[in-house]
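For reference, the chains in residue letters:
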Amino acid sequence: MSTFFDTRIEFIRGVGPQKAALINKELNIFTYGEMLQHYPFRYEDRTKFYKIREINEDLENVQLIAKIRKIETIGDGRRKRLVAIIEDETGEMELTWFQGLQWVVKKLMPGVPMVFYGKPNRYGRKMSIAHPEMEPLTSLQEQRSFFQPVYNTTEKLRAKFLDSRGISKIMEVLVPASLPQIQETLPPEIIRRFNLQEKKAAIQQIHFPSGLEELKRARFRLKFEEFFFLQLRLLKLKLTRTEKSQGQVLGQTELVNVFYKEHLPFELTGAQKRVIREAFTDMKSGKQMNRLIQGDVGSGKTMVAFICMLIAISSGAQTCLMAPTEILANQHFEGLKPYAKLMGLRIALLTGSTKKSERKIIHELLLQGELPILIGTHALLEDIVQFKNLGLAIVDEQHRFGVAQRAKLWAKNERFWPHVLVMTATPIPRTLAMTLYGDLDISVIDELPAGRKPIETVHRYDKDRLKVFGFMRQQILAGRQVYVVYPLIEESEVMDLKNLMDGYESIFRAFPEFPVSIVHGNMKAADKDFEMQRFVKGETKIMVATTVIEVGVNVPNASVMIVENAERFGLSQLHQLRGRVGRGADQSYCILMSKYELSKDSRLRLDTMVRTNNGFEIADVDLRLRGPGDLMGTQQSGLTDLLIADLSKDATILTMARDAAQNLLQEDPLFEKPENVMVLRQIQVQRKHEMNWSRIS
Ligand code: ADP
Ligand code: MG
């Protein structure tokens, strides 16, 4: 069934096949419906006209009325450009075009007052605007709006006069034609409760605001709607899964009690206790658990994992813990072995380098149910690894594993899907987590164990290197160890390696008295491991490395982290790196080295690191700087559906929309009630839209 909104844009009066093809290509917009959703990204005051004498390069876009005095073409071939000299009673300036010259020439009317609009720049002594919007003064409507919409467009579109003004003209035709066809998508109850503008009004107002208040309400309404349907979809997914998947009831705690009473080496933090309770509630519920545990580096996720394992084992099930690298799997194994031993529980490690004979034993013990705890890497996922009764699978550092791999874990138990705990130290703001991991429940360990000394972070320039070396020496002499990390940027591996090797050389020369380790991506796994182990054992004092050490490695005696070219790292990555220190009793330090000249973003990143140790705060800034698109999994999560809503800024609206979606699902999970008919219709529209896309791309 095709609707009005599926009509192709070439049929909008004044568009036609040629322009339509260009818009298709440049903006990915094909239909009326998509065009209507090409919302302005900001609004400008178009009541103000500048005089030429007032214009300078510091101004953003300016609007002026002037006459063209002279037109000439300068240069030839690819450098050809068109220059027009315009004047008003206060002076003259230039307009320039580099593309679409034959079109532009036709539009220029010498001697006639015209309205020009664009960003002024200075060329030598002259001010100039490149590719300005323009129209004859006569066509100017009586009053211009305070809220002239500004639309996204591209160079190629601008060259064909599909600049923001050109798109606005299309809207002037399309919006009035569409209004009678637009149907409400939200139930009346929700409209009322959140005092939302009606859909029709919102579309009208977003393109042609009649005032600030109306514009605000239109934006609110449209953002709410986007979040609402996104959340509805995710929650529905989760609902379907929990309905389908029965879980093994794991409700016993004998081993936990023994461990608590006799072996627990420290008091758990309140946050650790809460998260364990949340997981326990899931595990004994009869539904399969799919829970994400977010905890900043050092928040003690491993102990939470171990106690959850004890719950599962008390209830007669087996457990596994999967880590993304061999180094990490090894560390988890070494870390948990003593506890397992105290509890009289067998534990084994399975990685790519486990010997064949050992593997065989592990496989057999698993099948017989004699091995309650298995730690490992991806090797755990191989089909040959079969359990007698896997009850709990824990995945550390989730972002390195995909959803598909999680599903492979589920398949390891034929009767019941095992409960799944995913642990991540990549803090993501709650709003984003709700969206990215909408199908997981989320627990947050938002408290560090007591008595931790906050890491001291400073920013130093390359010229201070000698002082930094002096500080390193002093710390090493006091018995500590030091990391020196170099960035790794894939585009130029050779350069990076050279960079790293040069750094190694200079450290080697500066510290002839201390043994130095080096680890980088080009080394064989065994060599990497060997070097890493030397550092772990304290045989080497300085570890020079690329970001391979970013995740999880635990060397409590290492108390100094030096990050070279820190301006080249992302914020989350810097935070992860910093988390490698501050794990022991000693005061730890993180020194961010950079060149002197820094971009605004780089400076904000470094300043943020110096200012705070809080992973969630850092994640917020990161999200603002990079946008959610850069975070993983955006494709599947439906983030790309957000046209006007912004996860980094609209958290409050998201929470409201999620609540509303949750309520609706509780009351009417199949959208059968007559008052919710529009919800079902909208879901179907979106589904059809998605299918169209999968056909096209
Ligand atoms: P992460 O969350 O980064 O994986 P870990 O589980 O490696 O953190 O814990 C970091 C360190 O803190 C470990 O040495 C661990 O033994 C210790 N630790 C964990 N919980 C507590 C606690 N409640 N009190 C004191 N130390 C703790
Ligand atoms: Mg960890």
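Residues numbered from 1 in each chain as written. Chains lettered and ligands numbered in written order. Predicted model: local features only at pLDDT ≥ 70, side-chain atom pairs only at ≥ 80, totals over all residues. Heavy atoms only, no water.

Looking at the overall build of the chain
Quick note on the threshold: Secondary structure is summarised from DSSP: a helix means a run of H or I of at least four residues, a strand means a run of E of at least two, and numbering begins at the N terminus for each. Throughout, exposure labels follow a simple rule: accessible area from a 1.4 Å probe, protein chains only, divided by the maximum for the residue type, with under 20% read as buried, over 50% as exposed, and the rest as partly exposed. By definition, residues are in contact when any of their heavy atoms lie within 4.5 Å. We get accessible surface area from the Shrake-Rupley algorithm with a probe of 1.4 Å; when it comes to residues, only the shown protein chains can shield them. The charged-residue count follows a simple rule in which Lys and Arg add positive charge and Asp and Glu add negative charge, with His and chain termini not counted at all. Working definition for charges: the position is that of NZ of Lys, CZ of Arg, CG of Asp or CD of Glu.
A count of helical and extended segments in the chain gives 24 helices and 22 strands. When the backbone C-alpha atoms are referred to their principal axes, the chain occupies close to 95 × 70 × 40 Å. The proportion of buried residues among the 697 residues of the chain is 53%. Expressed as a percentage of contacts within the chain between residues at least 6 apart in sequence, the contacts between residues at least 24 apart total 73%. As displayed, the chain offers around 33500 Å² of accessible surface, 52% of which is attributable to carbon and sulfur atoms. Of the charged side chains in the chain, 97 are positive and 85 negative, and the gap between their average positions amounts to 1 Å.

Observations regarding the domain arrangement of the chain
Applicable threshold: For the domain bounds, the source is a domain assignment made automatically or taken from a database. Two parts placed together each lose some accessible area; with a 1.4 Å probe, that loss summed over both constitutes the buried area. Any carboxyl oxygen of Asp or Glu that lies within 4 Å of a side-chain nitrogen of Lys or Arg is treated as forming a salt bridge with it. Polar contact criterion, stated in full: a pair of N or O atoms within 3.5 Å, where within protein one must be able to donate a hydrogen and the other to accept it, and residues adjacent in sequence count only if both atoms are side-chain atoms. Lys, Arg, Asp and Glu make up the charged group, whereas Ala, Val, Leu, Ile, Met, Phe, Trp, Tyr, Cys and Pro make up the nonpolar group; the residues left over, Gly among them, are polar.
With domains assigned, the chain is organised as domain 1 (1-42 + 155-181), domain 2 (48-144), domain 3 (199-244 + 644-689), domain 4 (254-445) and domain 5 (456-612). Using only C-alpha atoms to locate each centre, domain 1 and domain 3 end up separated by 24 Å. Contact with domain 1, which involves 13 residues of that partner, is made by 12 residues of domain 3. Summing both partners gives a buried area of about 1100 Å² for domain 1 against domain 3, and 65% of it is carried by carbon and sulfur. Contact with domain 3 buries surface across domain 1, with Tyr39, Pro40 and Leu179 losing the most and accounting together for 50% of the total. Inspection of the domain 1/domain 3 interface yields zero salt bridges. For the pair domain 1 and domain 3, the number of links is one residue pair in polar contact (both at pLDDT 80 or more). At the level of secondary structure, the elements contributing two or more residues to the side of domain 1 that touches domain 3 comprise helix H2 (32-36) and helix H5 (164-178). Classifying every residue of the side of domain 1 that touches domain 3 by side-chain character gives eight nonpolar, two polar and three charged.

Things to note about the sheet that holds strand S18 (residues 481-485)
Put simply, the rule is: The criterion for strand pairing is that DSSP finds at least two bridges linking the strands in question. Lines are fitted to the C-alpha atoms to define the axes, a helix being fitted only along its stretch in contact, and any angle between axes, read from their N-to-C directions, falls within 0 to 180 degrees.
Pairing is parallel across the open sheet formed by six strands, whose spatial order is S17-S22-S21-S18-S20-S19. Since the sheet does not close on itself, it has two edges, and those belong to strand S17 (456-461) and strand S19 (516-519), each with one partner. Neighbour to neighbour, the strand axes of the sheet diverge by 20° on average, direction disregarded. Relative to strand S22 (residues 589-594), helix H16 (residues 465-477) is tilted by about 160°, and along the sheet it contacts S17, S18, strand S20 (542-545), strand S21 (558-563) and S22. Of the strands in this sheet, S17 and S22 touch helix H20 (residues 600-611), which is tilted by about 145° from S17.

Looking at unusual backbone geometry
The residue asparagine 28 is not glycine, and still its phi comes out positive at about 65°. Structurally, the position occupied by asparagine 28 is in the loop between helix H1 (16-27) and H2. On the basis of relative accessibility, which here comes to 45%, the residue asparagine 28 falls in the partly exposed class. The backbone of asparagine 565 shows a phi angle near 45°, a positive value even though the residue is not glycine.

Digging into the environment of aspartate 668
Checked against the element boundaries, aspartate 668 lands in the loop between helix H23 (651-667) and helix H24 (677-696). Overall, aspartate 668 belongs to the buried group, its relative accessible area being 4%.

Structural notes on H16
Here is the rule: To estimate the expected span of a helix, count its residues, drop one, and scale the result by 1.5 Å. For this quantity, the arc is that covered by the directions from the helix axis to the C-beta atoms.
Compared with an ideal rise of 1.5 Å per residue, which puts 13 residues at 18 Å, H16 spans 18 Å between its outermost C-alpha atoms and is within 8% of the ideal. Restricting attention to buried positions, one finds in H16 the residues Val468, Phe469, Met472, Gln475 and Ile476. Viewed end-on, H16 has its buried residues packed into an arc of 125°, placing them on one side of the element. Along H16, exposed side chains directed more than 90 degrees from the buried face belong to Leu466, Lys467 and Leu477.

A short note on the site of ligand 1
Quick note on the threshold: Any residue with a non-hydrogen atom lying within 4 Å of a molecule or strand is treated as near it.
Residues in contact with ligand 1 amount to 15 residues; listed here are only the nearest, Gln272, Gly298, Lys301, Thr302 and Arg452. Contact between ligand 1 and glycine 300: an oxygen atom at 3.1 Å from a main-chain N or O atom of the residue. Measuring from an oxygen atom of ligand 1, one finds a side-chain N or O atom of arginine 452 at 2.6 Å. Contact with the protein chains hides 78% of the accessible area of ligand 1, taken as 570 Å² for the molecule alone. A class-by-class count of the residues in the shell around ligand 1 yields four nonpolar, six polar and five charged.

Describing the sheet that holds strand S15 (residues 419-424)
If you trace the seven strands from one edge of the open sheet to the other, you get S12-S13-S11-S14-S15-S10-S16, paired in parallel fashion. Only two strands of the sheet have a single neighbouring strand rather than two, namely strand S12 (347-350) and strand S16 (441-445). When the angles between neighbouring strand axes are averaged without regard to direction, this sheet yields 20°. Examined bridge by bridge, strand S10 (residues 290-295) and S16 share five bridges and lie parallel to one another. Across the sheet, arginine 291 pairs through a bridge with aspartate 441, a residue of S16.

Examining helix H7 (residues 199-207)
Think of an α-helix as 3.6 residues a turn; residues three or four steps apart then line up on the same face. Restricting attention to buried positions, one finds in H7 the residues Lys199, Ala202, Ile203, Gln205, Ile206 and His207. On its buried side, H7 packs onto H2, strand S1 (42-44), strand S9 (148-150), H5 and helix H8 (212-244).

Notes on the packing of H7 against H8
Think of two packed helices as two axes; the pair is described by the angle between the axes and how far apart they sit. Here is the rule we go by: Small angles under 35 degrees read as roughly parallel and large ones over 145 as roughly antiparallel, with 65 to 115 read as roughly perpendicular and the rest as oblique. Helix crossings get a hand from a simple test, with the near helix turned counterclockwise from the far one by less than a right angle marking a left-handed crossing and a clockwise turn marking a right-handed one.
Put simply, H7 and H8 touch, their axes get as near as 8 Å, and they point 120° apart. Our classification of the angle between H7 and H8 gives oblique. The two elements H7 and H8 cross, and the hand of that crossing is left-handed. Residues Lys199, Ala202, Ile203, Gln205 and Ile206 of H7 form the contact with H8, whose own contacting residues are Glu214, Leu215, Ala218, Arg219, Arg221, Leu222 and Glu225. Here the contact of H7 with H8 is composed, by residue class, of six nonpolar, one polar and five charged.

What to know about the environment of methionine 543
Tracing the sequence through the fold places methionine 543 in strand S20. Considered as a pair, methionine 543 and valine 516 are 27 residues apart in the sequence and their alpha carbons are 6.0 Å apart. Not counting residues up to four positions away in its chain, the partners in contact with methionine 543 are Val482, Tyr483, Val484, Ser517, Val519, Glu531, Met532 and Phe535.

Digging into the packing of helix H11 (residues 301-314) against helix H12 (residues 326-342)
Packing of H11 against H12 leaves a shortest axis separation of 11 Å and a crossing angle of 50°. Here H12 runs oblique to H11, going by the angle between their axes. Here H11 and H12 pass one another in a crossing that is right-handed. Judged by residue contacts, Thr302, Met303 and Phe306 of H11 engage His332, Leu336, Tyr339 and Ala340 from H12. Grouping the constituent residues of the contact of H11 with H12 by class yields five nonpolar, two polar and no charged.

Section: the side chain of serine 128
Counting through the fold element by element, serine 128 comes out in strand S7 (residues 126-130). In this structure the side chain of serine 128 is engaged in a polar contact, spanning 3.5 Å, whose partner is the side chain of threonine 96. Sequence-distant contacts of serine 128, that is, excluding residues within four places in its chain, are made with Met93, Glu94, Thr96, Lys119, Pro120, Asn121 and Tyr123.

Things to note about the pattern of salt bridges
Under the criterion given, the structure shown has 29 salt bridges. In this structure, the salt-bridge partner of arginine 165 is glutamate 172, at a minimum N-O distance of 3.6 Å. By relative accessible area, which is 10% here, arginine 165 ends up buried. Residues glutamate 225 and arginine 221 are paired through a salt bridge, measuring 2.7 Å at the closest nitrogen-oxygen approach. You can see glutamate 225 and its partner arginine 221 sitting in helix H8, four residues apart, about one turn around the helix. What makes glutamate 225 buried here is its relative accessible area of 6%. Judged by relative accessible area, which is 0%, arginine 221 ranks as buried. Connected via shared salt-bridge partners are Glu184, Lys199, Arg221 and Glu225.

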